[in-house]
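Each chain, letter by letter, is given below.
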Amino acid sequence: MYGNDSGDDDSPGWEPPSRFARVLAEKQAAQPRGRAGVAPPGWPPAVRPPGVEGWEDTAVTWLFDLCPPGYRGHGVLRRQPLLLARMARQHVSAALAAARHGYGTAREELAPVVPAAVVEALLRMYAFEGARAAVTERAVRLVEEALGGERWEPRL
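Quick notes on the rules
- Residues numbered from 1 in each chain as written.
- Predicted model: local features only at pLDDT ≥ 70, side-chain atom pairs only at ≥ 80, totals over all residues.
- Heavy atoms only, no water.
- Phe/Tyr/Trp six-rings, centres within 6.5 Å; stacked < 30°, edge-to-face > 60°.
- Helix = DSSP H or I, 4+ residues; strand = E, 2+ residues; numbered from the N terminus.
- Buried < 20%, exposed > 50% of the residue type's maximum accessible area, 1.4 Å probe, protein only.
- Core = buried A, V, L, I, M, F, W, Y, C linked by side-chain atoms within 4.5 Å.
- Contact = heavy atoms within 4.5 Å.
- Polar contact = N/O pair within 3.5 Å; in protein donor to acceptor, adjacent residues only side chain to side chain.

Caption draft 1: Here's a closer look at the packing of aromatic side chains. Applying the stated criterion across every chain yields a total of two aromatic pairs. Seen from their ring centres, W43 and W55 are 6.1 Å apart, and the 50 degrees between their planes marks the pair as tilted. Residue W43 is located in the loop between α1 (19-29) and α2 (55-66), and its partner W55 is located in helix α2; the two are separated by twelve residues in the primary sequence. Judged by its relative accessible area of 5%, W55 falls in the buried class. On the basis of an interplanar angle of 65 degrees and a centroid distance of 6.1 Å, the ring pair of W43 and W152 is categorised as edge-to-face. With a gap of 109 residues between them, W43 in the loop between α1 and α2 and W152 in the segment after α5 (116-147) connect regions that are remote in the sequence. Across this residue pair, the class does not change: W43 and W152 are buried. In textbook terms, an aromatic cluster arises when at least three aromatic residues are bridged by ring pairs, as seen for W43, W55 and W152.

Now the structure itself:
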């Protein structure tokens, strides 16, 4: 059936053959433009700068911490950090969308059920969590780009 060229028995059956293998090969063939050890603005503090020794290990640990615990059981995500970054980005994007939707609907849906002060407290929580998810989404995107070979120049 469908799978990838590496023989992973936990590859998703719904993916066309070797789609990710081709993308990964193209990314690995590209030469980084920037310098190793330079982290761009918005880079997560828990991840070492791209290109330094062990940075991918810290990236994988951080990305798994953002995902549901069940993701750790899929070997393909540990073997292919770029795929893990993709999954983490999708998960964080969904959390951001949920916070935005909750913020937009809370007042109307909850006004008849809870006091106004409680709704206002919930709106503050949605605003805080939405902002945090937006910052995390940017950080995941930067890590994903670095795993794909992107490097940055230092800014003055």
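Caption draft 2: Quick look at the nonpolar core. W43, W55, W62, L63, L84, V143 and L147 are the most contacted members of the largest nonpolar core, which totals 25 residues. The set of elements that each furnish at least two residues to this core consists of α2, α3 (75-79), α4 (81-110) and α5. Apart from residues lying up to four places away in sequence, L84 is in contact with V60, L63, F64, C67 and L77.

Caption draft 3: Representation of the side chain of E144 within the structure. Mapping E144 onto the fold places it in helix α5. Residue E144 is classed as buried on the basis of its relative accessible area of 14%. A polar contact of 2.5 Å, which involves the side chain of E144, links it to the side chain of R89. Residues contacting E144, with those up to four places away along its chain left out, are L82, A85, R86 and R89.

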